[in-house]
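Here is how the chains run, residue by residue.
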Amino acid sequence: MTSAAQDHEQQVFPPSAEFAATANAGPELQAAADADRLAFWDTQAQRLDWATPWSEVLDWSDAPVAKWFVGGTLNVAYNCVDRHVLAGNGDRVAIHFEGEPGDTRSLTYNDLLAEVSRAANTFTDLGLVPGDRVAIYMPMIPEAIVSMLACARLGLTHSVVFAGFSSAALRSRVDDAEAKLVITVDGQWRRGQAAPLKPAADEAVHGAASVEHVLVVKRAGIDVDWTEGRDLWWHETVEKASPEHTPQAFDAEHPLYILYTSGTTGKPKGIIHTSGGYLTQASYTHHYVFDHKPGEDVYWCTADIGWVTGHTYIVYGPLSNGATQVVYEGTPNAPTEHRHFEIIEKYGVSIYYTAPTLIRTFMKWGREIPDAHDLSSIRLLGSVGEPINPEAWRWYREVIGAGSAPIVDTWWQTETGAIMISPLPGITATKPGAAMAPLPGISAKIVDDEANSLGKGGNGYLVLDEPWPAMLRGIWGDPQRYRETYWSRYEDQGWYFAGDGARYDEDGALWVLGRVDDVMNISGHRISTSEVESALVSHPKVAEAAVVGAADETTGQGIVAFVILREGAENTGDALVKELRDHVAVEISPIAKPRQLMVVPELPKTRSGKIMRRLLRDVAEGRELGDTSTLVDPKVFDAIRGK
Ligand code: 6R9
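What you see as residue numbers is a count from 1 along each chain, following the sequence as written. pLDDT decides what is reported in this predicted model: residues at 70 or higher carry local features, side-chain atom pairs at 80 or more are listed and counted, and totals for whole chains, interfaces and linings draw on all residues regardless. Note that water and hydrogens are dropped before the side-chain values are worked out from all heavy atoms of the structure.

Caption draft 1: Looking closely at the UniProt feature "domain: AMP-binding enzyme C-terminal" (unreviewed entry) in the chain. UniProt positions are given in the numbering used here, feature names are shortened, and annotations may be inferred rather than shown by experiment. What UniProt calls "domain: AMP-binding enzyme C-terminal" (unreviewed entry) maps, in this numbering, to residues 531-610. Only DSSP runs of H or I reaching four residues or more are called helices, and only runs of E reaching two or more are called strands; each is numbered from the N terminus. For residues 531-610, helix accounts for 26% and strand for 31%, while the C-alpha atoms at its two ends are 16 Å apart.

Caption draft 2: Just the packing of aromatic side chains, in detail. Here a pair means two rings of Phe, Tyr or Trp (six-membered ring of Trp) with centres within 6.5 Å. Their orientation is stacked below 30 degrees between planes, edge-to-face above 60, and tilted elsewhere. If you walk through the whole model with that rule in mind, you get 34 aromatic pairs. On the basis of an interplanar angle of 80° and a centroid distance of 5.1 Å, the ring pair of Trp41 and Tyr284 is categorised as edge-to-face. In this pair, Trp41 sits in helix H4 (residues 37-45) while Tyr284 sits in helix H11 (residues 276-289), placing the two residues 243 residues apart along the sequence. Relative accessibility decides the category of a residue: with a 1.4 Å probe and only protein chains considered, values under 20% of the type maximum give buried, values over 50% give exposed, and everything between is partly exposed. On the accessibility criterion, Trp41 (0% relative accessible area) is buried.

Caption draft 3: Molecular detail of helix H7 (residues 142-154). The terminal C-alpha atoms of H7 lie 19 Å apart, and with 13 residues this matches the ideal 18 Å at 1.5 Å per residue to within 8%. The buried fraction of H7 is high, at 13 of 13 residues. In the stretch just after H7, Gly155 is the one whose phi turns positive, near 75°. Take the number of residues in a helix, subtract one, and multiply by 1.5 Å to get its expected span.

Caption draft 4: Looking closely at the pattern of salt bridges. For this document, the term salt bridge refers to a Lys or Arg side-chain nitrogen within 4 Å of an Asp or Glu carboxyl oxygen. Tallied over the full model, the rule gives 37 salt bridges. In this structure, the salt-bridge partner of Arg595 is Asp552, at a minimum N-O distance of 3.1 Å. Of this pair, Arg595 sits in the loop between helix H19 (574-587) and strand E30 (596-599) while Asp552 is found in strand E28 (residues 542-552), placing the two residues 43 residues apart along the sequence. Overall, the relative accessible area of 35% leaves Arg595 in the partly exposed class. A salt bridge links Asp582 to Lys593, with the shortest nitrogen-to-oxygen separation between them at 3.2 Å.

Caption draft 5: Region of the structure containing the site of the ligand. Near the ligand, the surroundings consist of 16 residues, among which Asp409, Thr410, Thr414, Asp500 and Arg515 are the closest. Between the ligand and Gln413, the relevant distance is 2.9 Å, taken from an oxygen atom to a side-chain nitrogen or oxygen of the residue. Whenever a nitrogen or oxygen atom comes within 3.5 Å of another N or O atom, the pair is scored as a polar contact, on the condition that within protein one atom can donate a hydrogen and the other can accept it, and that pairs from neighbouring residues in sequence are kept only if both atoms are in side chains. One of the side-chain N or O atoms of Thr414 is found 2.6 Å from an oxygen atom in the ligand. Within the complex, the protein chains bury 90% of what would otherwise be the 530 Å² of accessible surface of the ligand. Of all the secondary-structure elements, those providing two or more residues to the shell around the ligand are helix H12 (308-320) and strand E25 (510-515). Looking at the shell around the ligand residue by residue, the classes come out as six nonpolar, five polar and five charged. One heavy atom suffices: a residue is near a molecule or strand as soon as one of its heavy atoms comes within 4 Å of it. Per-residue and other accessible areas follow the Shrake-Rupley method at a 1.4 Å probe size, with only the shown protein chains counted as cover for residues. Residue type decides the class: Asp, Glu, Lys and Arg count as charged, Ala, Val, Leu, Ile, Met, Phe, Trp, Tyr, Cys and Pro as nonpolar, and the leftover types, Gly among them, as polar.

Caption draft 6: Representation of the nonpolar core in the model. Note on terminology: a nonpolar core comprises buried Ala, Val, Leu, Ile, Met, Phe, Trp, Tyr and Cys residues joined through side-chain atoms within 4.5 Å. Formed by 134 residues in total, the largest nonpolar core has its most connected members in Leu112, Phe123, Leu149 and Tyr316. The dominant element in this core, judged by the number of residues it contributes, is H7, at nine residues. One finds Val349, Met363, Trp395 and Ile407 within the second-largest nonpolar core, a separate group that totals 30 residues.

Below, the structure written as structure tokens:
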């Protein structure tokens, strides 16, 4: 690689003395974890209220299925709600809800306790008992969070299914988990329209043997079909139930939730998370990574509860820490592209956590939009979901963070349950685009195919070589697949294979390069798709780029790039293609020059915002398209193919 490509690796943003002075994290955190990792987690678990103390921090004798805080019992919902009320903070706002049509509601911790208790009483009346599964198919409204917490309170295992998924996707998840109750809404608000949701739930539930009831929140006020005896209105049941409920404690390893995530095969995997270890790491990471100060900060994680980020950093992390947070129902451009910035201004959001894809969208819309708002309340920014390209990182800090807010680039997965690799604000000097280092208490390595640990300058696979409290405990109903997917690659070593490529730079900073199936091999040179994407997006005319490796007779793989131009950038055809290819050559190396580059109007994305590289590879290699069912808009291919 040329030195130009590594310019951003030289750029370091040390924490300001001002931030460091009040930061939650101090150097003692790493020192404590280094001295005794399990004792460190023992201390972190004491952030929570336990009904029974544990006898052992970790039991790894049944690896790769861990038991954390053995024998300990607790109630997760009590930890997220009741204890804040009991500590005298019942009047603190837990949720500032901002509905898409402009309706708003603020729920204090007192309100949340009453709502969760009502829902818990209703679920009990429906005959649900600890261990039963409940599917939650709802948009971002407070009742969705209340439903999750009511499940946790009763020891019911929830399975949240993103409300953008089809009825078929819901059905397969309901069947796999044998859910007895499905909670949904009549309809949800999307870009000013009330879009029906209950019909999809009805279709999914039709003939589903396990389902006894469908509980429906009236959100959009639209007509719905009704199945007497099966369907229940939330306002006729939950809202009429008693607001008093005494929680019972459950074992630390009681299953809290199942969350389905796509794997390499067609069938989604039901990732299982349990209670004590999960909540410990959710609470610990939310406190230190976001430098969260309860009662002072206004926190906003823009994820949807349909994804793991919504589970850990909207529900369990922030609420266990007594946070005040914003929950927004809609899309960032409803009714205009100003919406997020209006919300930040209105509530004085101080911690903002989002995904690189949205940051690049903001860049595309232009900085005059955020510049029109007072964003001075922001003091920390977070990124999650994919590698953040240095260009987007710098823009985020400069435009949203007033050139001073620390950025935490947080690497983790549905399977890890909580953040694993991230800078610690106030401690870590950050580099644009690098996740930097494992958190205190977490152990990771970068290794090669032969399980050799790589050091500075090394480029290989990311593995987790020690168990961690929030780790998945398995795949629902398929223990064998759990072992094969994550533990067979480095079976002798007993390492968890994350499926991501990573490298250490010359200073020892850790860079996550993206999924290993996205790492290309060009004439024996390993080049990450995200490296080339970063190079392309650093060109002033490019808003967004997706890069795939396509089979190539001479070089093994060839690089194929798809780019979206910025507003106002002129497409000069072949001249532009040459300009962009040359730019990549300058930024990285001539070997990283895309073989083919296509300017397209849109990129195919999953509903969680990840670019579907698999489909782009199909296009690049001239194949029939594979499964497009998880795409937001399968029609984008007509436009791309038109090229
Ligand atoms: C939390 C979440 C997990 C995959 C993961 C990796 C990518 C997430 C990242 C990142 C680089 C980061 N990923 N965060 N890559 N830097 N900060 O997104 O979970 O939906 O399961 O995705 O996302 O490839 O393996 P999930």
